[in-house]
Amino acid sequence: MTTTDRPTDGGVEIAPTVEDTARDIASMEIRGAAAIADAAAAALAAQADASSADSAAAFRAELRAAASQLYETRPTAVSLPNALRYVLRGMEGGDVATLRRSTIRRAEAFRRDLEAAQDTLGRVGANRLRDGDVVMTHCHSTDALACVAAAVEDGKHVEAIVKETRPRQQGHITARDLREMGVPVTLIVDNAARRYLDDADHVLVGADSIAADGSVINKIGTSGLAVNARERGVPVMVAAQSIKCHPDTMTGHTVEIEMRDEREVLDVAAHREITGVEPGEDAELVVENPAFDVTPPRHVDAIVTEHGQYPPESIVMLMRELFGETTSDPWQT
Ligand code: RI2
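Cut-offs used in this document
Each chain has its residues counted from 1, following the order in which its sequence is written. Confidence filtering applies because this is a predicted model: local features only for residues at pLDDT of at least 70, side-chain atom pairs given and counted only at 80 or more, and all residues used for totals across whole chains, interfaces and linings. The basis for every side-chain value is the complete set of non-hydrogen atoms in the structure, without hydrogens or water. A 1.4 Å probe rolled over the protein chains alone gives each residue an accessible area, and that area as a share of the maximum for its type sets the label: buried under 20%, exposed over 50%, partly exposed in between. Strands are runs of DSSP state E lasting at least two residues, helices are runs of H or I lasting at least four, and both sets are numbered from the N terminus onward. DSSP bridges decide pairing: two strands pair if at least two such bridges lie between them. Every crossover in which the path from the first strand over the helix to the second runs clockwise, viewed with the strands pointing away from the viewer, is termed right-handed. For this analysis, a salt bridge means a side-chain nitrogen from Lys or Arg found within 4 Å of a carboxyl oxygen belonging to Asp or Glu. Take the buried residues of types Ala, Val, Leu, Ile, Met, Phe, Trp, Tyr and Cys, join any two whose side-chain atoms come within 4.5 Å, and each joined set is a nonpolar core. We call two residues in contact when some of their heavy atoms are within 4.5 Å.

In strand β3 (residues 134-137), alternate side chains face the same way, and those of V134 and M136 on one face and V135 and T137 on the other are all buried. Pairing geometry for β3 and strand β4 (residues 159-163), over four bridges, is parallel. Among the inter-strand pairings, V135 is bridged to a residue of β4, identified as A160. Remark: the β3/helix α6 (residues 142-153)/β4 crossover connection has right-handed handedness. Direction of pairing for β3 relative to strand β6 (residues 202-205): parallel, over a ladder of three bridges. Across the sheet, T137 pairs through a bridge with L204, a residue of β6.

Put into structure tokens, the structure is as follows:
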């Protein structure tokens, strides 16, 4: 693609990598809060690298437009705006060459820190797992799996009960990753979770966002699992790097829950079978597909981060340290 063919956003040139990344995040080719943040930072670096801006102001405008496009892809995982904010705040310099260098360096630092944070939190989380423990997982979280990986590295025998996680069945990815670690896996349908909780020592999940009051926003079904786990006396452990902390919730904002396409739940053929007509033609059949839910802090035992383990009600202390009072979105200025 030549420079003149490139898609533009409000007259600003957007690099093809940014377009591709935005599309892949929206379609969930790239998914998982940490992977989304990593890809977004890489896309901003690609934008900086590809930029043909002829002034510092034009360069900054390009980066803001790229960040805005990435931001619009999915609303719930705060790791995405946190990544964009981190990279844009590191843009420094009065000329294009310096701006380019600082932006790329900042994106690289973000990606390195992300990986290191996951390793560190994995070691913290592993301390909660004893030799012979069984964890029950929901969806696919690389932060949660890092805890199991570190426990296995420590020589502990860990087994897993893996919920398949409708509608997209990301539990299959979890089962694959765990088997690669040598962890024995029992795969169950979501509806079997309560029955199998009696065999589990921990519920271990990730998070897309953590609110200042300690609420955990994670894949739909997490809150029901946590309520059942509490009733069964099984501790709920949330593995979440600090980039999952949602700064806006410190000032009273709520986290938007993404509603995804109904065809993830009911494909066209199944829809036809039920209604006899095409999707959208029977106004009385409504299919809802929320991607996430909110687990209140009283149903969570510990949030494990790279800064240590927190009771959910104390996570706000970490958030104050990390974010101070600033929660502005630099791509909107
Ligand atoms: P890591 C995923 O969301 C799941 O809800 C998972 O628990 C969370 O992101 C965190 O994943 P989705 O992108 O960052 O599959 O721990 O909708 O990998």
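From this point, the narrative continues.
Attention now moves to the pattern of salt bridges. The tally for this structure, following the rule as stated, stands at 18 salt bridges. For R111, the salt bridge goes to D38, with nearest N and O atoms at 2.8 Å. Taken together, the residues span a long stretch of sequence, with R111 in helix α5 (residues 96-126) and D38 in helix α2 (residues 33-50) at a distance of 73 residues. Among the ionic contacts, a cluster of salt bridges with common partners joins R74, R168, E258, R260 and E264.

A separate point is the nonpolar core. The biggest cluster of nonpolar side chains holds 35 residues, and the ones touching the most others in it are V18, L44, F59, L63, L70, L84 and F110. The set of elements that each furnish at least two residues to this core consists of α1 (16-27), α2, α3 (56-71), α4 (79-89) and α5. Ranked by the residues each element gives to this core, the list is headed by α2, at eight residues.

Looking now at the environment of I315. Its place among the elements puts I315 in helix α11 (residues 315-323). For I315, a relative accessible area of 0% puts it in the buried group. The sequence separation of I315 and T305 amounts to 10 residues, and the corresponding C-alpha distance is 9.7 Å. Residues in contact with I315, not counting those within four places in the same chain, are I210, A211, A212, G214, C245, I303, T305 and Y310.

Take it as geometry only, folks, not as evidence of what the structure does.
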